[in-house]
Amino acid sequence: MQILYGLVLAVIVAYLAYRAHSLDKSGAFAAAFVGTTIFGIGGWQWATLLLIFFITSSGLSRAFKKRKQGLSEKFSKGHERDAGQVFGNGGLATIFATIHAFYPESIIPWIGFAASLAAVNADTWATELGVLNPTPPRMITDLKKRVEKGTSGGVSLWGTFASLLGASIIALPAALFTDNGLLFPLITFAGLAGSLFDSLLGATVQAMYYCPTDQKETEKHPFHTCGTETVHIRGWEWLNNDWVNFACGAFGAVIAFLII
Ligand SMILES: [Zn+2]
């Protein structure tokens, strides 16, 4: 029965997000699948964490539009998230919800679920709010080097603070729902670590391209926003932004497991 409630709620949320242009068609189907699984298996506590991530990340993508104008082309995708982005952010959480179905007594799947969501939430908050930092970010692999706002691997004080907030807003209900106060610092730290790992991958092995027309570095491939075909300049070609997000969540979960 709970699966049915999950399906109804997930389809409604996915449809509203599609109408609001937060998701494209493939993203809406992916979100309906992720939401049905997580709500259907885990119930309202699991659904709450997912919704906090989903609502705040969609909202922050829209906020401060003026400040971010011109930056969006640096990011590989616009505001409409597709299936790759949904699974990159929520795929691991879906796997932990499925494991919970087999081990309902264990708290381990809950910790993995919360840590992976805290990591992708921290990363999204850092990306969306980091652009408000008054000065350009610094490269995570070389803090003396300033880079253009929006560059993968760039970190800033504001971004890191936003990341901490983004992780803690997931960690708080994760601790409250299980009546386990230790989960708050654990999940917050794991989330922050995951988002820093995301920046590290962005600075090193994530696939990066170059637009010859605009003479700019971009994550976009095969085509830039201007329509020009982009050229691979560094990083592993298979490691696109979706896989980096997946790795961000995975790193958060691994850190949480290592600590406990
Ligand atoms: Zn271009």
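Rules used in this analysis
- Residues numbered from 1 in each chain as written.
- Predicted model: local features only at pLDDT ≥ 70, side-chain atom pairs only at ≥ 80, totals over all residues.
- Heavy atoms only, no water.
- Donors = N, O, S within 2.8 Å, 3.2 Å for Na, K, Ca; no water.
- Helix = DSSP H or I, 4+ residues; strand = E, 2+ residues; numbered from the N terminus.
- Buried < 20%, exposed > 50% of the residue type's maximum accessible area, 1.4 Å probe, protein only.
- Polar contact = N/O pair within 3.5 Å; in protein donor to acceptor, adjacent residues only side chain to side chain.
- Pairing = 2+ DSSP bridges.
- Axes fitted to C-alpha atoms, helices over the stretch in contact; angles between N-to-C directions.
- 1 Å grid on protein atoms, 1.4 Å probe; cavity = no way out; pocket = protein on both sides within 12 Å on 5 of 7 lines; lining within 4 Å.
- Points joined across faces, edges and corners; volume = space filled by probe spheres on them.
- Nonpolar A, V, L, I, M, F, W, Y, C, P; charged D, E, K, R; others polar.
- Expected span 1.5 Å × (residues − 1).
- Contact = heavy atoms within 4.5 Å.
- Patch = residues over 30% accessible without salt bridge, like charges linked within 9 Å, V, L, I, M, F, W, Y side chains within 5 Å.
- Areas by Shrake-Rupley, 256 points an atom, 1.4 Å probe, with all protein chains shown as cover.
- Salt bridge = Lys/Arg side-chain N within 4 Å of Asp/Glu carboxyl O.
- Parallel < 35°, antiparallel > 145°, perpendicular 65-115°, else oblique.
- Core = buried A, V, L, I, M, F, W, Y, C linked by side-chain atoms within 4.5 Å.

Novice: Would you take a moment to explain the coordination of the zinc ion for this structure?
Specialist: Expected angles at a metal are 109.5 degrees for tetrahedral coordination by four donors and either 90 or 180 degrees for octahedral coordination by six donors. Binding of the zinc ion to the protein goes through C211 (SG), D214 (OD), H224 (ND1) and C226 (SG), at separations of 1.7 to 2.2 Å. Donor residues for the zinc ion, ordered by position in the chain, follow C-x2-D-x9-H-x1-C. Separated by ten residues along the polypeptide, D214 in the loop between strand 4 (208-211) and strand 5 (216-218) and H224 in the loop between strand 5 and strand 6 (231-234) bring together distant segments of the chain. The partly exposed category is assigned to D214, whose relative accessible area is 33%.

Novice: Is there a simple way to explain the environment of T127 in this structure?
Specialist: Position of T127 relative to the elements: it lies in helix 6 (residues 108-130). Overall, T127 belongs to the partly exposed group, its relative accessible area being 29%. For the pair T127 and T151, spaced 24 residues apart in sequence, the C-alpha to C-alpha distance is 9.7 Å. There is a polar contact of 2.8 Å between the side chain of T127 and the backbone oxygen of D123.

Novice: Please clarify how the sheet that holds strand 4 should be interpreted in this entry.
Specialist: Backbone hydrogen bonds hold the strands of a sheet together, and the pairing may be parallel or antiparallel. With antiparallel pairing, three strands are arranged side by side in an open sheet as 5-4-6. Looking at which strands have only one partner, the edges of the open sheet turn out to be strand 5 and strand 6. In this sheet, neighbouring strand axes are inclined to one another by 45 degrees on average, regardless of whether the strands run parallel or antiparallel. As judged from the three bridges shared by strand 4 and strand 6, these two strands associate in the antiparallel manner. In the sheet register, Y210 faces strand 6, and the bridge partner there is V231.

Novice: What's the story with empty space enclosed by the protein in this structure? I'm lost.
Specialist: Any space left empty among the atoms is revealed by the rolling of a water-sized probe across them. As enumerated under the stated definition, the model contains three cavities of 30 Å³ or more in all. Considered as a void within the structure, the largest cavity measures approximately 290 Å³ in volume. Along the wall of the largest cavity there are 21 residues; nearest its centre are A31, V34, G35, L50 and F54. Of all the elements in the fold, those that place two or more residues in the lining of the largest cavity are helix 1 (2-19), helix 2 (25-42), helix 3 (44-62) and helix 5 (83-102). Per-element accounting of the lining of the largest cavity gives the leading share, six residues, to helix 3. Residue composition of the lining of the largest cavity, grouped by class: 15 nonpolar, five polar and one charged.

Novice: How should helix 7 (residues 157-178) be read in this particular structure?
Specialist: Count 3.6 residues to each turn of an α-helix, and residues three or four apart come out pointing the same way. Counted at 1.5 Å a residue, the expected span for helix 7 with its 22 residues is 32 Å, and the 32 Å between its end C-alpha atoms agrees. All of the buried residues along helix 7 are G159, A162, S163, G166, A167, S168, I170, A171, P173, A174 and A175. On its buried face, helix 7 sits against helix 3, helix 6 and helix 8 (183-203). By the N-cap criterion, in which a side-chain oxygen at the helix start approaches the backbone nitrogen of a residue two or three places on, helix 7 is capped by S156, the distance to G159 being 3.0 Å. Once helix 7 ends, the next one or two residues include D179, with phi positive near 55 degrees.

Novice: How should I be thinking about a nonpolar patch on the surface in this particular structure?
Specialist: Residues M1, L4, Y5, L7 and V11 make up a contiguous nonpolar surface patch of about 540 Å² in total accessible area. Locating M1 in the fold gives a position in the segment before helix 1.

Novice: How do you make sense of the packing of helix 3 against helix 7 when you look at a structure like this?
Specialist: For any two helices packed against each other, the geometry is given by the interaxial angle and the distance between the axes. At a minimum axis distance of 10 Å, the contact between helix 3 and helix 7 shows a crossing angle of 170 degrees. Viewed along their axes, helix 3 and helix 7 adopt a mutual orientation that is roughly antiparallel. Contacts between helix 3 and helix 7 involve W44, Q45, T48, L49, I52 and F53 from the first element and I169, I170, P173, A174 and F177 from the second. Grouping the amino acids of the contact of helix 3 with helix 7 by side-chain chemistry returns nine nonpolar, two polar and no charged.

Novice: Honestly, the nonpolar core in this entry has me stumped. Any pointers?
Specialist: Nonpolar side chains in soluble globular proteins tend to be buried together. If you look at the biggest cluster of nonpolar residues, it comprises 44 residues, and the most contacted ones within it are I38, L49, F113, L117 and I187. Contributing elements (two or more residues each) for this core: helix 1, helix 2, helix 3, helix 5, helix 6, helix 7, helix 8 and helix 9 (241-259). Contacts of L49, omitting those with residues within four sequence positions, involve W110, F113, A114, L117, I170, P173, A174 and F177.

Novice: Could you clarify how one ought to interpret the pattern of salt bridges in this entry?
Specialist: Following the criterion strictly, the structure yields one salt bridge and no others. Residues E217 and R234 are paired through a salt bridge, measuring 2.9 Å at the closest nitrogen-oxygen approach. Here the residue E217 occupies a position in strand 5, and R234 occupies one in strand 6, the gap between them amounting to 17 residues.

Novice: What is the right way to look at the environment of A203 in this model?
Specialist: With respect to the element layout, A203 can be found in helix 8. Placed 85 residues apart in sequence, A203 and A118 show a C-alpha to C-alpha distance of 21 Å. Discounting residues that sit within four places of it in the chain, A203 has contacts with M139, I140, T141, S152, G153 and R234.

As far as function goes, none of this settles anything; it's purely spatial.
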